[in-house]
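What follows is the residue order along each chain.
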Amino acid sequence: MSSLNIIVLAAGNSTRLKSEKTKVLHPICGRPMLDYVLAAAKSLKPKSIALVLGHGRESVVEHLKVQGAHKNFLKLAHQKERRGTAHAAMTGLKALGSISGRVLILSGDVPLIETATLRALLRITGKKALGLVTALLPDPQHYGRILRDETGRIYGIVEEKNANAAQRQINEINAGIYCVQADFLKASLKKIRANAKTKEFYLTDLVSLAIQSDRDVAAHSLSNPHEIMGANTRAELAFLNLYAQDLLVGNHLAHGVGMQDPDGVYVDFGVKIGADSYLGSGVQLLGNTRIGTGCTIEPGCILHDSVLGNGVTVKAYSYLESCQVKARATLGPFARVRPDSVIGEGAKVGNFVELKKTHLGAGAKANHLSYLGDTKVGRGANIGAGTITCNYDGWHKFVTVIGDDAFIGSDTQLIAPVQVGKGAYVASGTTVTKRVPPGALAVSRVPQRNVADWARKKNLRNKKKPRAK
Ligand code: UD1
Ligand code: CA
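Since the structure is predicted, the reported quantities are computational estimates derived from the model, not experimental observations.

A. Structural view of the nonpolar core. Of all hydrophobic cores here, the largest spans 49 residues; its most connected members are Leu104, Ile177 and Ile228. The dominant element in this core, judged by the number of residues it contributes, is helix H1 (residues 33-43), at 7 residues. In this view, isoleucine 177 contacts Ile105, Leu106, Val110, Ile113, Leu118, Leu121, Gly131, Leu132, Val133 and Ile228; residues no more than four positions away in its chain are not counted. Core analysis: the next-biggest nonpolar cluster, separate from the first, contains 48 residues, Leu308, Ala329, Val349 and Ala406 among them.

B. Structural context of the pattern of salt bridges. Taken as a whole and judged by the stated rule, the model has 10 salt bridges. With a closest N to O distance of 3.9 Å, glutamate 321 and arginine 336 form a salt bridge. Here the residue glutamate 321 occupies a position in strand S22 (residues 319-321), and arginine 336 occupies one in strand S25 (residues 336-337), the gap between them amounting to 15 residues. The exposure class assigned to arginine 336 is partly exposed, which follows from its relative accessible area of 36%. Salt-bridge contacts for arginine 338 lead to glutamate 354; the nearest nitrogen and oxygen are separated by 2.6 Å. Residue arginine 338 is located in the loop between S25 and strand S26 (342-343), and its partner glutamate 354 is located in strand S27 (residues 348-356); the two are separated by 16 residues in the primary sequence.

C. Spotlight on the site of ligand 1. Among the 25 residues in the neighbourhood of ligand 1, the closest are listed as Leu9, Gln79, Thr85, Glu159 and Asn174. Within the backbone of alanine 11, an N or O atom sits 2.8 Å from an oxygen atom of ligand 1. Contact between ligand 1 and glutamine 79: a nitrogen atom at 2.7 Å from a side-chain N or O atom of the residue. Burial of ligand 1 by the surrounding chains reaches 94%, relative to a free accessible area of 750 Å². The site holding ligand 1 turns out to be the largest pocket. Only strand S1 (5-10), helix H4 (85-96) and strand S10 (172-181) provide two or more residues apiece to the shell around ligand 1.

How each quantity is defined
- Residue indices follow the written sequence of each chain, beginning from 1 at its first position.
- For this description, chains carry letters from A and ligands carry numbers from 1, given in the order in which they are written.
- Since the coordinates come from a predicted model, pLDDT governs what is reported: local features require at least 70, and pairs of side-chain atoms require 80 or more to be given and counted, while whole-chain, interface and lining totals use all residues.
- Computation of side-chain values covers all heavy atoms of the structure but excludes hydrogens and water.
- Here, nonpolar core means buried Ala, Val, Leu, Ile, Met, Phe, Trp, Tyr and Cys residues that are tied together by side-chain atoms lying within 4.5 Å of each other.
- Relative accessibility thresholds used throughout: buried, under 20% of the residue-type maximum; exposed, over 50%; partly exposed, between the two (1.4 Å probe, protein chains only).
- Strands here are runs of E lasting at least two residues and helices are runs of H or I lasting at least four, both read from the DSSP assignment and numbered beginning at the N terminus.
- Whether two residues touch is decided by their heavy atoms; if any such pair falls within 4.5 Å, the residues are in contact.
- The term salt bridge refers to a pairing of a side-chain nitrogen on Lys or Arg with a carboxyl oxygen on Asp or Glu at a separation within 4 Å.
- We call a residue near a given molecule or strand whenever any one of its heavy atoms falls within 4 Å of it.
- Side-chain atoms alone can form a polar contact between residues adjacent in sequence; in general such a contact is a pair of N or O atoms within 3.5 Å, and within protein one must be able to donate a hydrogen while the other accepts it.
- Accessibility throughout is a Shrake-Rupley quantity obtained with a 1.4 Å probe, and a residue counts as covered only by protein chains that appear here.
- Lining residues are those with an atom within 4 Å of a point, where the points come from a 1 Å grid over the protein atoms alone and group into cavities, where a 1.4 Å probe fits but cannot get out, or pockets, open sets with protein on both sides within 12 Å along at least five of seven lines.
- Molecules are considered to sit inside a cavity or pocket once more than half of their atoms lie within 2 Å of its grid points.

Next up, the structure:
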């Protein structure tokens, strides 16, 4: 059984983000920061993880419940007042109960930390009192700076707020990630005093305390500083997004996904794309979207939580939400597919067609300018241009059922609830208000009459009247 325990500090507020939302729930590529940190923590198979929450605690607990992560491996600790990172660590330590061995302390707002880095930290810390992760940043603003003596030995960390001009020039920063022997941590946290200037208890004081008691401090210095970048401001959050996006896109390219412009596509964490699929510029694949193999998604399409089979084509500027598209179907350009719709194998949804809670059978077509809501369309049916299902009476939604191979002429309105039988025809311009039996033709048009010479007479009448202004 592992003797490693982990504390994740996540009680801070979103002051610098200027957000109502709890900081650690802000997403990076669609995934809350906290989920990255917890995944990295879990990958080390620790004995337990204490998650220190404060500001917006309820929303985090709710998020964890939705994920089912709640009780399994986490001990939730409540830091009632935000009194600094050392105070937060103490709150986490209490939640862990009686422990020995080493404690890894992670920051909830340093989401892209890699498991390999954490393993390296554990390795270099060994039996030393304390290990920490540092990085050289060209622009170290806002971070705590690492203080080293002339022999290169670390003897302290100074926060930017407390640093003098010379210390501010230091490029080596503290990543806020520590590995500490439990006994040293317990003893030291009691000794940390509030900072005179900020009144906060700084966890970074562990370094000077270790030096004072002649204990060793190990540092793992990163050559790639991106993974330890914090997300304290909107700008930093945006930067982390770009960085994470780059990694994700690179990974999809490596797995055989073609892209017109890799910098111009946006793919959320967890999206799956089959090999030989191709993404046009400006495509966004969001949430739990899954794309089969050999699909083409043309420029400007946005897909949320949608599942596409193999060989699907989504033409330019289409918008799909929570829908399922079966193999070889074609959608767009400018198609809008709303939640709970299923597009059957080889079916076609053309330009300016909106579907909502609609099931389109295999090979069915709705090629132009239509609205199909709460509708079940059979296999091979043809929905003519301008067909509208009138599914809402202001109070309730009603279902339209169209049988296999039925032919709905252009400019038809179907007043739901209504059914069109298998192989039936609906003449163009018909308003269908009652069931059409299989194989029948429904026509509700007023017969056309032509009035001879009508135009000339109208003009004559008009010439006698003054012109409207
Ligand atoms: C901290 C470090 C700084 C380091 C930086 C790296 C301290 C004093 N400073 O600064 O040296 O360069 O991280 O990202 O530790 N938190 C609590 N309760 C609190 C205060 C903070 O849980 O009372 C949590 C926050 O939610 C956050 C983490 O601790 O996840 C770090 O706190 P934050 O205020 O972001 O510290 P920084 O100013 O970034
Ligand atoms: Ca921070």
